[in-house]
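Residue strings, one per chain:
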Amino acid sequence: MSKLAEIFQKHQDDIVADWSKGMSSANRRKDLISDADLKAQSTELFAAIAKASKTGSLSDIEGSDWREVREILSSISASRAKQGFTPTETASFVLSLKQPVNSRLRKEMAKDPEGLIDETTTANGLIDKMALHTSEAFLTTREQLIARQQEDMLELSTPVVKLWDGILALPVIGTLDSARTQVVMESLLKTIVETNSKIAIIDITGVPTVDTLVAQHLLKTITAARLMGAECIISGIRPQIAQTIVHLGINLNDIITKSKMADAFALALQRTGKIVVSMNKAAAPKKTEHGKDN
Amino acid sequence: MERIPILRMGSFLLVTIQVDMHDQLAMTLQDDLTSAIAKFEARGVLIDISSLEIVDSFIGRMLANIAAMSRILDAHTVLVGMQPAVAITLVELGMSLPGVRTALNVESGMELLHALSESPEETEADGAAEN
């Protein structure tokens with residue numbers, strides 16, 4: 001057993017006490033974690049380190065002896081990522097262990113300067129590795145969080161709305177990529193079957209840009225709907241987007257396009273054999289006058 | 001040998017595909033259907049594929065072929081009840097079945113067939129445009 005591991009065993013409580021003291025004096029987030037929790041975490045972590053250093057190698061923490069330490073580090077950094085700590089704060093939790101360990105080493109090995117340098121280097125390397133592991137775990141947790149939010153957004157951003165008997169609307173918000181097209185297509189086709197709709201209006205007012213890829217995805221959705229026996233109308237094409245579509249040479253000739261959702265809805269009603277009439281239709285000539293006034 | 005039944009309803013033919021299509025079955029259907037159109041002088045063919053859950057490019061092409069053959073024999077083809085998954089598969093395979101008319105269910109398919117056979121001029125113009 002190396003000298004460092006021996007010191008870890010013998011002075012476990014002292015080192016943890018020094019560590020906690022150092023941390024409470026440093027700029028710590030008292031709003032996010034209590035002193036008691038912090039103390040408990042450091043005691044648990046250091047006990048695991050002392051146990052692992054007894055049997056495992058001190059230069060590599062990927063071995064099976066260090067599994068417990070790695071698990072504790074991962075869970076600490078995962079919980080901190082969720083609590084809203086910054087990566088720096090999370091890593092400094094582990095890095096702040098250097099100070100008490102080094103001062104303890106200096107005290108114990110004052111008579112052996114060469115050994116002291118060796119052990120200090122080993123201790124620093126070990127703590128650096130643990131800090132890196134913490135950062136990595138922190139990032140993984142954050143990435144999982146982002147991925148989950150992306151998924152949520154994907155589901156939220158593709159509602160299929162029933163406007164009338166046999167008429168659906170699909171307001172698309174945001175850029176259409178392959179993954180989203182798949183979700184949009186599936187939910188549109190599913191709703192077409194469920195509601196027995198003959199016409200679907202795809203409103204692209206919320207689509208910031210239309211390039212060849214987005215257009216291809218739109219065409220795919222429209223073709224799939226046509227195969228099922230439903231007709232699609234594209235609405236909400238802005239002037240700039242109309243220009244882009246023509247410049248890119250995208251062929252939308254076979255597709256009905258309308259500039260406003262209202263126009264598309266009027267056409268859809270007409271196709272399904274319905275009309276919208278004014279309430280006071282008794283005075284037919286008045287209706288046109290009203291129309292002029294408005 | 002397994003066959004897909006072809007039912008006659010007035011001047012229309014009704015084909016309901018309720019089993020998994022394999023290539024031989026598709027070829028037999030193609031044969032039977034073209035002979036039936038000629039024999040009954042049918043004006044329209046309605047193919048119900050609501051129970052069809054798996055398609056490949058061969059079946060897709062077979063459906064397009066049947067529609068093209070019926071058109072030559074002066075009958076309109078309406079494909080009804082395609083499942084969403086089937087539609088997505090066909091689109092991903094790059095088969096948009098141009099020239100095949102589609103409807104959501106048998107009811108609207110029959111309406112479409114009636115409309116098509118009642119306005120011959122319009123449909124001829126349609127056919128010309130599609131060719």
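Computed from a prediction, not measured in an experiment: that's the story for all the values here.

Asks: Requested: an account of the interface of chain A and chain B, with residues and values cited.
Replies: The interface of chain A with chain B comprises 15 residues on the first partner and 13 residues on the second. Of all the elements in the fold, those that place two or more residues in the side of chain A that touches chain B are helix H8 (178-195) and helix H9 (212-228) of chain A. Ranked by residues supplied to the side of chain A that touches chain B, first place goes to H9 of chain A with six residues. Partitioning the side of chain A that touches chain B into residue classes produces seven nonpolar, three polar and five charged.

Asks: If you had to explain unusual backbone geometry to someone new, which residues and values would you point to?
Replies: Located in the positive-phi region is Asn196 of chain A, a residue other than glycine, with phi close to 55°. Along the chain, Asn196 of chain A falls in the loop between H8 and strand E3 (199-206). Positive phi, close to 50°, is recorded for Glu41 of chain B, a residue that is not glycine. Within the element layout of this structure, Glu41 of chain B appears in the loop between helix H1 (23-40) and strand E3 (44-48).

Asks: With reference to specific residues and values, describe the packing of helix H3 (residues 35-55) of chain A against helix H4 (residues 67-83) of chain A.
Replies: If you want to describe how two helices pack, look at the angle between their axes and the distance between the axes. All names here are of chain A. Running from N to C, H3 and H4 point in directions that differ by 155°, and their axes come no closer than 8 Å. With respect to each other, H3 and H4 are oriented roughly antiparallel. For the crossing formed where H3 meets H4, the hand is left-handed. Facing H3, whose interface residues are Gln41, Glu44, Leu45, Ala48, Ile49 and Ala52, H4 presents Glu68, Val69, Ile72 and Ile76.

Asks: Got a sec to walk through the sheet that holds strand E5 (residues 101-103) of chain B? Specific residues and values, please.
Replies: Through backbone hydrogen bonds, the strands of a sheet pair up, either in parallel or in antiparallel fashion. All names here are of chain B. Strand order in the open sheet made by the five strands is E1-E2-E3-E4-E5, with mixed pairing throughout. Of all the strands in the sheet, just strand E1 (6-9) and E5 have a single pairing partner and so form its edges. Strand after strand, the sheet turns through a mean of 25° between neighbouring axes, direction not considered. Direction of pairing for strand E2 (residues 12-16) relative to E3: parallel, over a ladder of five bridges. Bridge pairing in E3 links Thr16 to Asp48. Those strands touched by helix H2 (residues 57-72) are E3 and strand E4 (76-80), and its axis lies near 150° from that of E4.

Asks: Report on the environment of Leu112 of chain B, specifying residues and quantitative values.
Replies: On the secondary structure map, Leu112 of chain B appears in helix H4 (residues 106-118). Among residues more than four places away in sequence, those in contact with Leu112 of chain B are Val78, Arg101 and Ala103 of chain B.

Calculation notes
Residues numbered from 1 in each chain as written. Chains lettered and ligands numbered in written order. Predicted model: local features only at pLDDT ≥ 70, side-chain atom pairs only at ≥ 80, totals over all residues. Contact = placed C-beta atoms within 7 Å. Helix = DSSP H or I, 4+ residues; strand = E, 2+ residues; numbered from the N terminus. Nonpolar A, V, L, I, M, F, W, Y, C, P; charged D, E, K, R; others polar. Axes fitted to C-alpha atoms, helices over the stretch in contact; angles between N-to-C directions. Parallel < 35°, antiparallel > 145°, perpendicular 65-115°, else oblique. Left-handed = near helix turned anticlockwise from the far one by under 90°. Pairing = 2+ DSSP bridges.

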